[in-house]
Amino acid sequence: MKRLISFSLVVFVALTFLACGPKNKPEKLAPELAADAKVQFDKERYKQAIDIYTKLRDWYPFDKLAIEAEYNIAEAHFNMEEYDEAALAYEEFEKLHPRHESIDYIIHQQALCYFNRLDSEDRDQTHAIKALSIFSRLMKQYPESPYVNKAEEKRTACLKSLADHEMYVGRYYLKNKKYKSALHRFQTVLDAYPGTGLDTEAEELSARAKAKLADEPDDK
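Every value quoted in this text rests on a predicted model; they were computed, and no experiment measured them. (Residues numbered from 1 in each chain as written. Predicted model: local features only at pLDDT ≥ 70, side-chain atom pairs only at ≥ 80, totals over all residues. Heavy atoms only, no water.)

### As for the packing of aromatic side chains
So, step 1. Taken as a whole and judged by the stated rule, the model has eight aromatic pairs.
So, step 2. On the basis of an interplanar angle of 75° and a centroid distance of 6.0 Å, the ring pair of Phe115 and Phe135 is categorised as edge-to-face. Pair noted here: Phe115 is in helix α6 (residues 103–115) and Phe135 is in helix α7 (residues 126–141), with a separation of 20 residues, a long-range link. A single burial state applies to Phe115 and to Phe135, both of which are buried.
So, step 3. Feature note: the residues Tyr71, Phe93, Tyr105 and Tyr147 constitute an aromatic cluster, connected by ring pairs.
So, step 4. Its end group placed over the ring of Phe115, Lys154 keeps NZ or CZ at 5.8 Å from the ring centre. (Phe/Tyr/Trp six-rings, centres within 6.5 Å; stacked < 30°, edge-to-face > 60°. Helix = DSSP H or I, 4+ residues; strand = E, 2+ residues; numbered from the N terminus. Buried < 20%, exposed > 50% of the residue type's maximum accessible area, 1.4 Å probe, protein only. Lys NZ or Arg CZ within 6 Å of the ring centre and 35° of its normal.)

Okay, here's the thing in C-alpha cells:
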C-alpha cells in the first residue's frame, strides 16, 4: 500500500512538473525579443515594450541584450513621464553598469526625472534639491561630458527655484511679524543662492527685518 502511495506521489509530481515546466521556458530567443520590443518602442507603445524587455532581461540575464533591455526600460518609463519608475530604473542601471559608455547620459536622465517635476515657489522643493545634487555630481564626475552644459543650465534653474522658495517663506514671515525667521530666510538667499536675481530684494527685506527686530527686540 505504501509503495502504491509513493508511486502515485511520484507520478503526480512528475505530471505537475511537465504541466508547469513549459510555461517557465523562454518563448523566444533574446534577439527575437529585442526586435519585438524595438518595434513596440519605436511605435511609442512603451508599456508593451517594457513587458517584452522585462522578459528578455529575466530570461536571458547574462546576454548582452539584457543590458540594452534595462536601458530601454528606463527610457520607456521616462518617455511616458513615469518619473518615479524611470528614476529607479536609471539608478539601478548605474549601480549595475557603472562603467557603461553612456553612464553620463544615464546620470543626466536621473536628474531630469526630478527636474521635470520642479514645483512652484510655495510648494515643497524636494525635487529641486534632488535634481541639483545629481546635476552637480554629473558635472564633477564627468566634466568632459557633452551633457555638462545642459546640466549647468538646469542646475542654475534648481538654485533659482530654491531661492524663490526661501523668498516666498521669508515674505510670509515678514508679513506675519516673525522677523527673526524672515531674516534667516533672506540671509539664506544671500549666502546659499547668490546671483539668482534675488540679491537686491533679499538685501532690502533683510534690512527691513533687522530694523523691525531693533524696534521689537523680543520678537521671535
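There is more to say, and it comes next.
### Points about the pattern of salt bridges
For side chains bearing opposite charge, pairing can occur when the charged atoms are close.
So, step 1. What the rule picks out here adds up to nine salt bridges.
So, step 2. Among the salt bridges present, the one from Asp164 reaches Lys160, with a minimum N-O distance of 2.9 Å. Here Lys160 and Asp164 lie together in helix α8 (residues 148–175), a separation of four residues that amounts to about one turn.
So, step 3. The closest approach of N and O atoms between Glu201 and Arg171, which form a salt bridge, is 2.9 Å. A residue pair is termed long-range when its members are at least 10 positions apart, and Glu201 in helix α10 (residues 199–215) and Arg171 in helix α8 qualify at 30 residues. (Salt bridge = Lys/Arg side-chain N within 4 Å of Asp/Glu carboxyl O.)

### Here we look at the side chain of Gln40
So, step 1. Residue position: Gln40 is located in helix α2 (residues 30–42).
So, step 2. Residue contacts for Gln40: discarding those within four places in its chain leaves Arg45, Gln48, Ala49 and Ile52. (Contact = heavy atoms within 4.5 Å.)

### A word on helix α4 (residues 64–79)
So, step 1. Its 16 residues place the ends of α4 23 Å apart at the C-alpha level, agreeing with the 22 Å of an ideal helix rising 1.5 Å per residue.
So, step 2. Here α4 has its buried residues at Leu65, Ala66, Ala69, Glu70, Asn72, Ile73, Ala74, Glu75, Ala76, His77 and Phe78.
So, step 3. Buried residues along α4 sit against α2, α3 (46–59), α5 (83–96) and α6.
So, step 4. Two or three places before Leu65, at the opening of α4, Asp63 has a side-chain oxygen 2.7 Å from that residue's backbone nitrogen.
So, step 5. Glu81, located one to two residues past α4, shows a positive phi value of around 60°. (Expected span 1.5 Å × (residues − 1). Polar contact = N/O pair within 3.5 Å; in protein donor to acceptor, adjacent residues only side chain to side chain.)

### A look at α8
So, step 1. With 28 residues, α8 ought to run about 40 Å at 1.5 Å a step, and its terminal C-alpha atoms sit 40 Å apart, in line with that.
So, step 2. Among the residues trailing α8, Lys177 stands out with phi positive, at a value near 65°.

### Considerations on the packing of α8 against α10
So, step 1. The interhelical angle for the contact between α8 and α10, taken along N-to-C directions, is 25°, at an axis separation of 11 Å. By the criterion of interaxial angle, the relationship of α8 to α10 is roughly parallel. Here α8 runs over α10; the crossing is left-handed. Counted together, Met167, Arg171 and Leu174 of α8 and Glu201, Ala202, Leu205, Arg208 and Ala209 of α10 form the full contact between these two elements.
So, step 2. Looking at the contact of α8 with α10, its residues break down into five nonpolar, no polar and three charged. (Axes fitted to C-alpha atoms, helices over the stretch in contact; angles between N-to-C directions. Parallel < 35°, antiparallel > 145°, perpendicular 65-115°, else oblique. Left-handed = near helix turned anticlockwise from the far one by under 90°. Nonpolar A, V, L, I, M, F, W, Y, C, P; charged D, E, K, R; others polar.)

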